[in-house]
Amino acid sequence: MQTILVTGGCGFIGAHTIVDLIQNGFEVISVDNLSRASADSLLGIEKITGKKIKNYVIDLTNKETTEQIFKDHPSIKGIIHFAAYKAVGESVEKPLDYYENNLFSLIHLLQLAVKYHAKHFIFSSSCTVYGNPDAIPVTEQTAIKTAASPYGATKQMGETIVQDSATAHPLSTILLRYFNPVGAHPSIAIGELPIGRPQNLVPAITQTAIGKLPKMHVHGNDYDTRDGSCIRDYIHVCDIAHAHTLALQYSIKNDKANSCEIFNLGTGNGITVLEAIQAFEKVAGIKLNYEIGPRRVGDIVAIYANNDYAVKKLGWTCQYDLNEMMRTAWEWEKSLAK
Ligand code: WQD
């Protein structure tokens, strides 16, 4: 059995990835200090897979306590590193918290991966690294622009730290650039649990629809796009999760030391905010209470992925369409209200 350490395993993408890893025969250990996630995710994972997952409630910025995991589990073959702060707005207010948490945890994990020969290292990156791209769809070779926030900067710096580590040490590393993960596992046993008022579009939609929020605002409809609202590449969290399993299997099969490969994880379809809202209204049979508001500082106008490389090299294909994204997100929101 191949043991994989998943950091941020109680988080939105982490929990969905653990389910997929288990269903593909991996043994999984989680580490999550529960600062931004709930241990309830572990109950959901158990409900779906029948497996109780060990979660170390450890702060990865403490190298000594983190090393204990590797002492307890000398057979860790790979690491999938999700644990990080990820709120764009918060990162502007608290840049030093973001640099300390996101970079120190990564550096410690890489040092321990080298020391304990956890050779396969998958880093959770983001399309944010592209900034406002000159041309869309973006490929993995599209030029990286200056980050629009400290959060984006931690992802750009994180990619460089992983690349340099793979050059110097016999690690096999992969950078996965997510576009906009949304939706919930079809069992509705796990899903997205935003803390406080949701910043992201789909939780804002579902919380407005269920009445947790009185209304939501579309952040601008005067952009140079087909309907004036911003374009994004929304992708189901289960498609993102399965891509991690495929990336790990790819890394283990190729077993290429000193390697670092990059993959875009998007559907390849650009959807506007208004189109996303219309898709939700159609699926939920609800008229959503929203207003057009001012643009949000830091928003890019349009981005979506060219995912050919992931499709070709990982044998990855997206299984969930926009309707499934909205349906599962809505079913999950309704399950939270029970
Ligand atoms: C999408 C679109 C908003 C809320 C960020 C990070 C990215 C990843 C996902 C971490 C934008 C509009 C939103 C609302 C709105 N985070 N919107 N009303 O900004 O593309 O990406 O979150 O991994 O790295 O950069 O996602 O969902 O916040 O916004 O009109 O109430 O929806 O303006 O155009 P974003 P988002």
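Since the model is a prediction, treat every value here as computed from it, not as a measurement.

**Student:** Mind showing me how you'd approach the overall build of the protein here?
**Tutor:** Helix and strand counts for the protein come out as 11 helices and 13 strands. Since a compact globule built from 338 residues should have a radius of gyration of about 20 Å, the 19 Å found for the protein is in line with a globular shape. The burial tally for the protein puts 55% of its 338 residues in the buried class. Summarising the internal contacts of the protein: among those between residues at least 6 apart in sequence, 81% fall at separations of at least 24. Of the accessible surface of the protein, which amounts to about 14400 Å², a share of 52% is contributed by carbon and sulfur atoms. Across the protein, the 31 positively charged side chains and the 34 negatively charged ones have centroids separated by 3 Å.

**Student:** Please explain helix H5 (residues 95–115) as it appears in this structure.
**Tutor:** Residue pairs three or four apart in sequence face the same way in an α-helix, which turns once every 3.6 residues. Look at H5: 30 Å from first C-alpha to last across 21 residues, which is about the 30 Å you get at 1.5 Å a residue. Of the residues making up H5, those classed as buried are Tyr98, Asn101, Asn102, Leu103, Ser105, Leu106, His108, Leu109, Leu110, Leu112 and Ala113. Where H5 is buried, its residues touch strand S1 (3–7), helix H3 (63–72), strand S4 (76–81), helix H4 (88–93), strand S5 (120–126) and helix H6 (150–168). In the segment just after H5, histidine 117 is the residue with positive phi, at about 55°.

**Student:** How should the side chain of asparagine 55 be read in this particular structure?
**Tutor:** With respect to the helices, strands and loops of the structure, asparagine 55 is situated in strand S3 (residues 54–56). A relative accessible area of 13% means that asparagine 55 is categorised as buried. A polar side-chain atom of asparagine 55 sits 2.7 Å from a polar atom in the side chain of serine 30. One polar contact links the side chain of asparagine 55 to the main-chain amide nitrogen of valine 31, over a distance of 3.4 Å. The contact partners of asparagine 55, leaving out residues within four places of it in the chain, are Cys10, Ser30, Val31, Asp32, Leu34 and Leu42.

**Student:** In this structure, what is going on with the pattern of salt bridges? I would like to understand it.
**Tutor:** Pairing between side chains of opposite charge can happen when their charged atoms approach one another. One pass over the structure, following the stated rule, counts 14 salt bridges. For lysine 115, the salt bridge is made with glutamate 67, and the minimal N-O distance between the two is 2.6 Å. Of this pair, lysine 115 sits in helix H5 while glutamate 67 sits in helix H3, and the two are 48 residues apart along the sequence. On the basis of relative accessibility, which here comes to 12%, the residue glutamate 67 falls in the buried class. A salt bridge links arginine 295 to aspartate 222, with the shortest nitrogen-to-oxygen separation between them at 2.9 Å. In this pair, arginine 295 is assigned in the loop between strand S13 (290–293) and helix H10 (308–314) and aspartate 222 in the loop between strand S8 (216–219) and strand S9 (231–232), connecting sequence segments 73 residues apart. Residue classification places arginine 295 among the partly exposed residues on the basis of a relative accessible area of 46%. A single network of salt bridges, built from pairs that share partners, joins Arg232, Arg296 and Asp299.

Scoring rules and cut-offs
- Residues numbered from 1 in each chain as written.
- Predicted model: local features only at pLDDT ≥ 70, side-chain atom pairs only at ≥ 80, totals over all residues.
- Heavy atoms only, no water.
- Helix = DSSP H or I, 4+ residues; strand = E, 2+ residues; numbered from the N terminus.
- Rg over C-alpha atoms; globule rule 2.2 N^0.38 Å.
- Buried < 20%, exposed > 50% of the residue type's maximum accessible area, 1.4 Å probe, protein only.
- Contact = heavy atoms within 4.5 Å.
- Areas by Shrake-Rupley, 256 points an atom, 1.4 Å probe, with all protein chains shown as cover.
- Lys, Arg positive; Asp, Glu negative; His and termini not counted.
- Charge placed at Lys NZ, Arg CZ, Asp CG, Glu CD.
- Expected span 1.5 Å × (residues − 1).
- Polar contact = N/O pair within 3.5 Å; in protein donor to acceptor, adjacent residues only side chain to side chain.
- Salt bridge = Lys/Arg side-chain N within 4 Å of Asp/Glu carboxyl O.

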